[in-house]
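Listed here are the chains, written in short residue letters.
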Amino acid sequence: MKKVFIGFLVLAVAVGLTFLVVRVTPKWEGVDDTVVGKYAEEAGRPARRAYIDTDRGDLLLFFFLIAGVAGGFVGGYCFRELFPPQKKDQA
Amino acid sequence: MKQKQLVYIYLLFMAFALPSTAQAMHISEGVLPPQWAALWFIVAFPFVAWGLRDLRIKSQRDPAFKLMVGLVGSAVFVISCMPIPVPTAGTCSHPCGTGMAAILIGPTLTVVVSSIALLLQALFLSHGGLTTLGGNILSMGIVGAFTGWAVFRITRKLGLPVWSAAFLCGVVSDWATYATTSFELASALHGTSSFLKMFAAIGASFMPTQIPLGIFEGVITAGIYQFIMPRRPEVVECLGVEKPQPVIESNKAEAVV
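Definitions and cut-offs
Residues numbered from 1 in each chain as written. Chains lettered and ligands numbered in written order. Predicted model: local features only at pLDDT ≥ 70, side-chain atom pairs only at ≥ 80, totals over all residues. Heavy atoms only, no water. Helix = DSSP H or I, 4+ residues; strand = E, 2+ residues; numbered from the N terminus. Buried < 20%, exposed > 50% of the residue type's maximum accessible area, 1.4 Å probe, protein only. Areas by Shrake-Rupley, 256 points an atom, 1.4 Å probe, with all protein chains shown as cover. Phe/Tyr/Trp six-rings, centres within 6.5 Å; stacked < 30°, edge-to-face > 60°. Axes fitted to C-alpha atoms, helices over the stretch in contact; angles between N-to-C directions. Parallel < 35°, antiparallel > 145°, perpendicular 65-115°, else oblique. Left-handed = near helix turned anticlockwise from the far one by under 90°. Nonpolar A, V, L, I, M, F, W, Y, C, P; charged D, E, K, R; others polar. Core = buried A, V, L, I, M, F, W, Y, C linked by side-chain atoms within 4.5 Å. Domains from an automatic or database assignment. Salt bridge = Lys/Arg side-chain N within 4 Å of Asp/Glu carboxyl O. Expected span 1.5 Å × (residues − 1). Bend = angle between axes of the 7 residues up to and from the residue. Contact = heavy atoms within 4.5 Å. Arc of directions from axis to C-beta. Patch = residues over 30% accessible without salt bridge, like charges linked within 9 Å, V, L, I, M, F, W, Y side chains within 5 Å. Lys, Arg positive; Asp, Glu negative; His and termini not counted. Charge placed at Lys NZ, Arg CZ, Asp CG, Glu CD.

### Let's talk about the overall build of chain B
Helix and strand counts for chain B stand at ten helices and two strands. Reading the secondary structure of chain B in the N-to-C direction produces α-α-α-β-β-α-α-α-α-α-α-α. Put simply, chain B has 257 residues, and 54% of those count as buried. Of the roughly 10600 Å² of accessible surface on chain B, 73% is carried by carbon and sulfur atoms.

Quick look at the structure:
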């Protein structure tokens, strides 16, 4: 019963937050634009483009896919060593 | 040895495994004038060297420690790239993860993993910048880690429960990081106007986003700590923050028999 209640609560919070994010109309810019960028431009030092600009088309998505698969595999492979099962007899 | 190599590969690949180029506390490329960028590199360098020395010593003592450092480094990378919309402000920002890392692996090693995370973000994600790397290491890696660690230690010594100490660690480390970013920006960009006035203005601009996000980071820190502590208690014990579990007398007797 408790688990059902917690599950329902988590679902309700997730739906509520999603509703807020979708319904509220701001652009959801990062604070680097709204704060850092604003003050940097006012001071005459706007941000320049990165020296290695990987944000081109779907190229980043491809790297994310490859890296996600490889990282997920290695993380799962080492999981038991990183997080051994909890010893219940210690309690 | 094979396990260690796998963790390094894991850390490297996780550097790319993110869906967008979120930007928040990171100072972007070209924003800081050269003399200020150089100054923050000089300030950050001894802390990075101290962290590398600690990593070598602790790894010699316990080779498995590097596994945890690799995992925490991945977590810091992911957390510090995770854009979170804040409805109260209508903007997005990210937590830092350095408070959590400082509890688990210590502040000096947190400086190392933060530096690696920030370098990879600057190189491959256009997040932050190479010239502003020193400033970003100072705000997120050094101030975030040491502040969070100090808060955790003090609150534990005052007798607060572990979860609330971890929560406060996350909150304060996040706010301290953004306060330092405000300081760096104000000191470099105030020009002929008042430094204090600009520092206060930048800090105030961060507040609507960072106050709720700092609380969120506190919740994340407490949650991760509560997950890891029962499974890897030795990680926190080796920092001297938590005392080892006392051996129960009946278990001792069984061991003798």
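Continuing now.
### Re the packing of aromatic side chains
Residues and elements named next belong to chain B. Per the stated rule, a full pass over the model turns up eleven aromatic pairs over all chains. Pairing phenylalanine 183 with phenylalanine 199 gives two aromatic rings, centres 6.3 Å apart and planes at 85 degrees, and the pair type is edge-to-face. Pair noted here: phenylalanine 183 is in helix 7 (residues 162-189) and phenylalanine 199 is in helix 8 (residues 195-228), with a separation of 16 residues, a long-range link. Chaining the aromatic ring pairs together yields one cluster made of Trp36, Trp40, Phe183, Phe195 and Phe199.

### Digging into the packing of helix 7 of chain B against helix 8 of chain B
Residues and elements named next belong to chain B. Across the interface, helix 7 lies against helix 8 with an axial gap of 7 Å and an inter-helix angle of 155 degrees. Here helix 8 runs roughly antiparallel to helix 7, going by the angle between their axes. Crossing of helix 7 against helix 8: the hand is right-handed. Residues belonging to the contact of helix 7 with helix 8 are distributed by class as follows: 22 nonpolar, eleven polar and two charged.

### Overview of the nonpolar core
The biggest cluster of nonpolar side chains holds 63 residues, and the ones touching the most others in it are Ile105, Ile202 and Tyr225 of chain B. Two domains share this core, each providing at least three of its residues, namely domain 1 (1-46) and domain 2 (55-84) of chain A.

### Structural notes on the pattern of salt bridges
Residues and elements named next belong to chain B. Under the counting rule described, the total for this entry stands at one salt bridge over all chains. The salt bridge involving arginine 53 is made with aspartate 54; its shortest N-O contact spans 3.8 Å. Judged by its relative accessible area of 44%, arginine 53 is partly exposed.

### Considering helix 2 (residues 34-61) of chain B
All names here are of chain B. Between its first and last C-alpha, helix 2 extends 41 Å over 28 residues, near the 40 Å set by a 1.5 Å rise per residue. Approximately 30 degrees is the largest bend angle found in helix 2, and it occurs at alanine 44, with the proline proline 46 only one to four residues beyond. Elements that come into contact with the buried residues of helix 2 comprise helix 3 (65-79), helix 4 (98-105), helix 5 (107-124), helix 6 (133-157) and helix 7.

### Section: helix 2 (residues 31-42) of chain A
An α-helical turn contains 3.6 residues, so any two residues separated by three or four positions project in the same direction. For helix 2 of chain A, spanning twelve residues, the distance from its first C-alpha to its last is 15 Å, which sits close to the expected 16 Å at 1.5 Å a residue. Listing the buried residues of helix 2 of chain A in full gives Val31, Asp32, Val35, Val36, Tyr39 and Ala40 of chain A. The arc that holds the buried residues of helix 2 of chain A, viewed along the axis, is 110 degrees, so those residues lie on one side. Turned more than 90 degrees away from the buried face of helix 2 of chain A sit Glu41 and Glu42 of chain A, all of them exposed. On the buried face of helix 2 of chain A, the contacting elements are strand 2 (91-93), helix 7 and helix 8 of chain B.

### Topic: a negative patch on the surface
All names here are of chain A. On the surface, a cluster of negative charge is made up of Glu29, Asp33, Glu41 and Glu42. Along the chain, glutamate 29 falls in the loop between helix 1 (2-23) and helix 2. Taking the relative accessible area as the measure of exposure, glutamate 29 reaches 35% and is therefore partly exposed.

These results come straight from atomic positions and should not be treated as a statement about function.
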